[in-house]
Amino acid sequence: MGVDLGITRLATLSDGRYLENPKPLEHSLERIRTIQRTLSRKRFLSKNWFKAKTRLAKQHEHVRDLRRDLFFKLGALLSQEYDLLVLEDLNTQGLIQKGVTRTRRMRLYDSSFSELRRCLEWVFLKRGKTVLAVSAYNTSRECFLCGRINQNLTLEDRVFLCPHCGFTIDRDLNASLVLLKRSGWVPSAVPVELRPLPPLPSLGLKKRRQGGALKQEAPPFMAGWLTQKAL
Ligand SMILES: [Zn+2]
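Conventions we followed
Residues numbered from 1 in each chain as written. Predicted model: local features only at pLDDT ≥ 70, side-chain atom pairs only at ≥ 80, totals over all residues. Helix = DSSP H or I, 4+ residues; strand = E, 2+ residues; numbered from the N terminus. Buried ≥ 20, exposed ≤ 12 C-beta atoms within 10 Å, placed from the backbone. Contact = placed C-beta atoms within 7 Å. pLDDT = per-residue confidence, 0-100. Expected span 1.5 Å × (residues − 1). Arc of directions from axis to C-beta. Pairing = 2+ DSSP bridges. Axes fitted to C-alpha atoms, helices over the stretch in contact; angles between N-to-C directions. Parallel < 35°, antiparallel > 145°, perpendicular 65-115°, else oblique. Left-handed = near helix turned anticlockwise from the far one by under 90°. Nonpolar A, V, L, I, M, F, W, Y, C, P; charged D, E, K, R; others polar. Core = buried A, V, L, I, M, F, W, Y, C linked by C-beta atoms within 7 Å.

Asks: What's the story with the overall build of the protein chain in this structure? I'm lost.
Replies: Per the secondary structure count, the protein chain includes seven helices and eight strands. Taking all 231 residues of the protein chain together, the buried fraction comes to 30%. Within the protein chain, residue pairs in contact and separated by at least 24 positions form 64% of the contacts whose partners lie at least 6 positions apart.

Next up, the structure:
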């Protein structure tokens, strides 16, 4: 199974399912800023300064926890269904520096692609499954169907329309299929439409604490095009 990582959709799977970007940092930014303001008004190293400092650290930790929790849940779900994980060999650092606007840069950082990759890899390897990183070069511009390059595709285009063969597909879905193809697998059919992954058991800390370890909820598997488990 191929996974394309992105900003709008955190992960788009080659079977047509996707995971929205929960943007945990963006959501708690307001709170983080408030604490930072409070902190700046306290006397350096005073008791209240330490209090605010601790609160700030806890908030950052909360964001990290939410992220990691989500990543591991996704890994658990995927490794139940698939034996092979194909990811793009991304230079995330380069992406962050090239980010156009501040918001875009923050979102790139916030989606923590490298951490997501590490989590997915870890879960797959732990279960004795295979992880392949293939070249990310032109994955979003290459047509999955005819293999030619769509030169006119811009970052804003959400739909991939091949000027050579007319193949039309969601941009990220095309990329995840190209990744899969580069690993040597060719899916027997192309998923027709995208569908969101069911909410992974917890996105909030409360539920996570109750559950403790990863909950192994059976994914509602769509009676779809993909029946062979090997992909
Ligand atoms: Zn084409």
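Asks: Can you walk me through the confidence of the model for the protein chain in this structure?
Replies: Any residue range with low pLDDT should be treated as having predicted coordinates unsuitable for detailed reading. Per-residue confidence for the protein chain gives a mean pLDDT of 80; residues scoring 70 or more make up 78%. The lowest-confidence element of the protein chain is helix α7 (residues 205-211), averaging 39 in pLDDT; the highest-confidence one is strand β6 (residues 159-161), averaging 95. For the stretch residues 202-231, pLDDT sits under 50, and the model shows 35 contacts to residues farther than four places along the chain or on other chains.

Asks: Explanation requested: helix α5 (residues 113-126) in the structure shown.
Replies: Residues separated by three or four positions in an α-helix point in the same direction, a consequence of the helix having 3.6 residues per turn. In this model α5 runs 20 Å from its N-terminal to its C-terminal C-alpha over 14 residues, within 8% of the 20 Å that 1.5 Å per residue would give. Listed as buried for α5 are F113, L116, R117, C119, L120, V123 and F124. All buried residues of α5 fall inside an arc of 165 degrees around its axis, so they share one side. G128 sits one or two positions beyond α5 and adopts a positive phi of about 75 degrees.

Asks: What is the right way to read the sheet that holds strand β1 (residues 3-5) from this model?
Replies: Strand pairing in a sheet takes place through backbone hydrogen bonds and is either antiparallel or parallel in direction. The strand order across the open sheet built from four strands is β1-β2-β3-β8, with neighbouring strands paired in mixed fashion. If you trace the sheet from one side to the other, it starts and ends with β1 and β8 (195-196), each paired once.

Asks: When you look at the packing of helix α2 (residues 47-81) against α5 in this model, what are you seeing that I'm missing?
Replies: When two helices pack together, their arrangement is given by the angle between the helix axes and the distance between those axes. Contact geometry of α2 with α5 gives a least axis separation of 8 Å together with a crossing angle of 40 degrees. Between α2 and α5, the interaxial angle falls into the category oblique. Considering only the axes of α2 and α5, their crossing is right-handed. Facing α2, whose interface residues are R67, R68, F71, F72, L74, G75, A76, L78 and S79, α5 presents E115, L116, C119, L120, V123 and F124. Within the contact of α2 with α5, the residues separate by chemical class into 10 nonpolar, two polar and three charged.

Asks: Can you walk me through the nonpolar core in this structure?
Replies: A general trend in soluble globular proteins is that nonpolar side chains are found buried together. Membership of the largest hydrophobic core comes to 39 residues, with the highest contact counts inside it found for M1, V3, A11, L74, L85 and L120. Listed by contribution, the elements that provide at least two residues to this core are β1, β2 (9-13), β3 (17-20), α2, β4 (84-89), α5 and α6 (171-182). Element by element, the count of residues in this core is highest for α2, at eight residues.

Asks: Where do I start with the packing of helix α1 (residues 24-41) against α2 in this structure?
Replies: Between α1 and α2, the least distance of the axes is 9 Å, while the angle of their chain directions is 175 degrees. As far as their axial angle goes, α2 and α1 are roughly antiparallel. From α1, P24, L25, S28, R31, I32, I35, Q36, T38 and L39 reach across to α2, where they touch W49, A52, K53, R55, L56, Q59, H62, V63, L66 and R67. When grouped by side-chain class, the residues that make up the contact of α1 with α2 number 10 nonpolar, five polar and four charged.

Asks: Can you walk me through the environment of W49 in this structure?
Replies: Here W49 is to be found in helix α2. On the basis of neighbour count, W49 is assigned to the partly exposed category, with 16 C-beta atoms found within 10 Å. Once the C-alpha coordinates of W49 and T38 are considered, the two residues, 11 residues apart in sequence, prove to be 8.4 Å apart. Excluding its chain neighbours within four sequence positions, the residues that come into contact with W49 are L39, K42, R43 and F44.

Asks: When you look at the environment of T139 in this model, what are you seeing that I'm missing?
Replies: Along the chain, T139 falls in the loop between β5 (130-135) and β6. Residue contacts for T139: discarding those within four places in its chain leaves E88, A175, V178 and L179.

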